[in-house]
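Structure assessment
What follows is the residue order along each chain.
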Amino acid sequence: MQSFAPFSSLDLKSLTRLTPNPTRLLLQCASVSHDASNPTAAQLPAQASRRYEWQSACAILASKVVSQQQDTEKSDAVNGHPSLDLVPVKSNSAPALPKPLTIADLSPAPMHGSQLRVAYQGVPGAYSEAAAGKAYPKCEAIPCDQFEVAFQAVELWVADRAVLPVENSLGGSIHRNYDLLLRHRLHIVGEVQLPVHHCLLALPGVRREHLRRVISHPQALSQCEHTLTQMGLTVAREAVDDTAGAAEYIAANALRDTAAIASARAAELYGLKVMADGIQDDSSNVTRFVMLAREPIIPRTDRPFKTSIVFAHEKQGTSVLFKVLSAFAFRDISLTKIESRPHRGCPIRIVGDADTGATAKHFEYLYYIDFEASMAEARAQNALSEVQEFTSFLRVLGSYPMDMTPWAPSSPQD
């Protein structure tokens, strides 16, 4: 199996806006002493019954130790390692004391989305925030300024899940997230499809003839191009990082000559008015998001499942890709997506002709495939077993329930 270069670590201070309170998390480690001999079967029930009391005691002890240390030392390190600063950029309140993580913070996440910390890219009001709320109702949504920060937030236990877009029905694939799925070791545990409903937003009192430019995410601009032209807005279009960020920028700088393409929720959050509603060129505008976690879920067969894989083939010629796809076709497994991305480990393969001495360069690719089957099914296992014969690298990104929500064109309440 071919190894890939590790990703470059980001400055963790980019996560400073993830917590609502100006606190600094200190990781406290608790250890448990065990007897040299293995416990007997009779002792196991008693140990299990004392697990909760032990966890509570550890949490109380950790809190007391940190409180005592705060009175005697002001070191920014824990056990010789720098602490994880999660201080908001702006705060009007006095600095709060460091709050240690407890055993409960490091335990498996609760079920059904209750109090889950879910990372998404963007600012409040972004479509990704709406997708996080649809995937995990009642969750604590954590905004991140970059896709990779959302991945790292889950890996570093700052968040329990991440909800990130991978494709749009009009704009196509979000290639950055496909590359990050390979670079990081998170697992796809679900998907959610969100209808996109664009609005034209501006400050209250601004009229259409006052506008000199429209700003938004590049895909949002392209998805509304024809509608904007029909409205007579032949003004400059400028791309920014995300839709809700465009609305926030206009509100923060009081720009009366600029409009943003964003959601109606963004208008409500940042005090803008909706100048035009539903300005997307096509009502069949849906973005597919994947839900990421540190651990995979157990595949099942009692409901429709989808499985995502990535592979690289080891032999030359297009027949190898045909054989890989045939492994699914022979077993009546439907493919819902196939995506190729440059093979960063070896992007170019040079082929030489021994007779003439000429050489040719061929690009090498990784292939991402989604297929409708659960890894709990024998046909899926047999298909991947056959695929492995023709590949130098094969990884299952996740086997997860399909989003079976009935589809309807986007509307203002979306």
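Calculation rules
- Residues numbered from 1 in each chain as written.
- Predicted model: local features only at pLDDT ≥ 70, side-chain atom pairs only at ≥ 80, totals over all residues.
- Heavy atoms only, no water.
- Helix = DSSP H or I, 4+ residues; strand = E, 2+ residues; numbered from the N terminus.
- Buried < 20%, exposed > 50% of the residue type's maximum accessible area, 1.4 Å probe, protein only.
- Areas by Shrake-Rupley, 256 points an atom, 1.4 Å probe, with all protein chains shown as cover.
- Contact = heavy atoms within 4.5 Å.
- Polar contact = N/O pair within 3.5 Å; in protein donor to acceptor, adjacent residues only side chain to side chain.
- Salt bridge = Lys/Arg side-chain N within 4 Å of Asp/Glu carboxyl O.
- Core = buried A, V, L, I, M, F, W, Y, C linked by side-chain atoms within 4.5 Å.
- Axes fitted to C-alpha atoms, helices over the stretch in contact; angles between N-to-C directions.
- Parallel < 35°, antiparallel > 145°, perpendicular 65-115°, else oblique.
- Left-handed = near helix turned anticlockwise from the far one by under 90°.
- Nonpolar A, V, L, I, M, F, W, Y, C, P; charged D, E, K, R; others polar.
- Phe/Tyr/Trp six-rings, centres within 6.5 Å; stacked < 30°, edge-to-face > 60°.
- Pairing = 2+ DSSP bridges.

Some thoughts on the overall build of the protein chain
Scanning the protein chain from terminus to terminus reveals eleven helices and 22 strands. With 414 residues in all, the protein chain has 43% of them scored as buried. If you sum the accessible surface of the protein chain, you get close to 22,500 Å²; carbon and sulfur atoms cover 54% of it.

Here we look at helix H8 (residues 243-253)
All of the buried residues along H8 are Thr243, Ala244, Gly245, Ala246, Ala247 and Ile250. Looking at the buried residues of H8, the elements they touch are helix H3 (127-135), strand E11 (199-202), strand E12 (213-216), helix H6 (218-223), strand E14 (258-262) and helix H9 (264-270). Two to three positions downstream of the cap, the backbone nitrogen of Ala244 sits 3.4 Å from a side-chain oxygen, assigning the N-cap of H8 to Asp242. The first or second residue beyond H8 is Ala254, which carries a positive phi of 50°.

Things to note about the pattern of salt bridges
Once the charged atoms of two side chains with opposite charge are near each other, the side chains can pair. Evaluated as defined, the whole model comprises 17 salt bridges. A salt bridge links Glu191 to Lys306, with the shortest nitrogen-to-oxygen separation between them at 3.1 Å. Of this pair, Glu191 sits in strand E10 (residues 187-195) while Lys306 sits in strand E17 (residues 305-313), and the two are 115 residues apart along the sequence. Each of the two residues, Glu191 as well as Lys306, counts as buried. Taking the shortest distance from any N to any O, the salt bridge between Lys337 and Glu339 comes out at 3.3 Å. Take Lys337 and Glu339: they sit in the same class, and that class is buried. Salt bridges sharing partners connect three or more residues here, namely Glu167, Glu191, Arg288, Lys306, Lys337, Glu339 and Asp370.

So, the nonpolar core
Leu200, Leu201, Val214, Leu228, Ile261, Leu272 and Ile279 are the most contacted members of the largest nonpolar core, which has 35 residues in total. Of all the secondary-structure elements, those providing two or more residues to this core are E11, E12, H6, H8, E14, H9 and strand E15 (273-277). Excluding anything up to four places from it in sequence, Val214 contacts Leu200, Leu221, Leu228, Val235, Ala236, Arg237, Glu238, Ala259 and Ile261. Counting 30 residues, the second-largest nonpolar core is a separate cluster that includes Phe151, Ala162, Leu181 and Ile188.

Brief notes about the packing of helix H10 (residues 319-329) against helix H11 (residues 378-388)
Look at H10 against H11: their axes get within 9 Å of each other, and the N-to-C directions meet at 165°. Looking at the two axes, H10 sits roughly antiparallel to H11. As H10 runs across H11, the sense of the crossing is right-handed. Note on element contacts: H11 touches H10 through Ala383, Leu384, Glu386 and Val387, opposite Lys323, Val324, Ala327 and Phe328. In terms of residue class, the contact of H10 with H11 is built from six nonpolar, no polar and two charged.

Remarks on the packing of aromatic side chains
Applying the stated rule across the entire model yields three aromatic pairs. Taking 5.5 Å as the distance between ring centres and 25° as the angle between the ring planes, the aromatic pair formed by Phe311 and Tyr367 counts as stacked. Taken together, the positions of Phe311 in strand E17 and Tyr367 in strand E21 (residues 365-371) put the pair 56 residues apart, joining distant regions of the chain. For Phe311, a relative accessible area of 0% puts it in the buried group.

Description of the side chain of Lys337
Mapped onto the fold, Lys337 is located in strand E18 (residues 335-342). At 3.5 Å, the side chain of Lys337 and the side chain of Glu167 are in polar contact. There is a polar contact of 2.7 Å between the side chain of Lys337 and the side chain of Ser173. Ignoring any residue separated from it by four or fewer positions in sequence, one finds Lys337 in contact with Glu167, Ser173, Tyr178, Tyr368, Ile369 and Asp370.

Regarding the sheet that holds E14
Within a beta sheet, neighbouring strands are joined by backbone hydrogen bonds and run either parallel or antiparallel to one another. Read across the open sheet, the five strands follow the order E13-E12-E14-E11-E15; overall the sheet is mixed. Single-partner strands in this sheet number two, and they are strand E13 (236-239) and E15. Along the sheet, successive strands turn relative to each other by an average axial angle of 30°, direction set aside. Note that E11 and E15 share four bridges and pair antiparallel. The partner of Cys199 across the bridge, within E15, is Asp277. Lying on the sheet, H8 is in contact with E11, E12 and E14; it crosses E14 at an angle near 150°.

Quick word on the pairing of E11
Of the two faces of E11, the one holding Cys199 and Leu201 and the one holding Leu200 and Ala202 are both buried throughout. Inspection of the sheet shows E11 paired to E14 by three bridges, in the antiparallel sense. Within E14, the residue paired with Leu200 across the bridge is Ile261.

Overview of the packing of helix H4 (residues 147-155) against helix H5 (residues 175-183)
Where H4 contacts H5, the two axes come as close as 10 Å, and the packing angle between them is 30°. Between H4 and H5, the crossing angle belongs to the class labelled roughly parallel. Between H4 and H5 lies a crossing of right-handed hand. Residue-level inspection shows Phe147, Glu148 and Phe151 of H4 in contact with H5, the latter providing Arg176, Asn177, Leu180, Leu181 and Arg183.

So, to be careful, I would describe these as geometric facts and stop short of saying anything about function.
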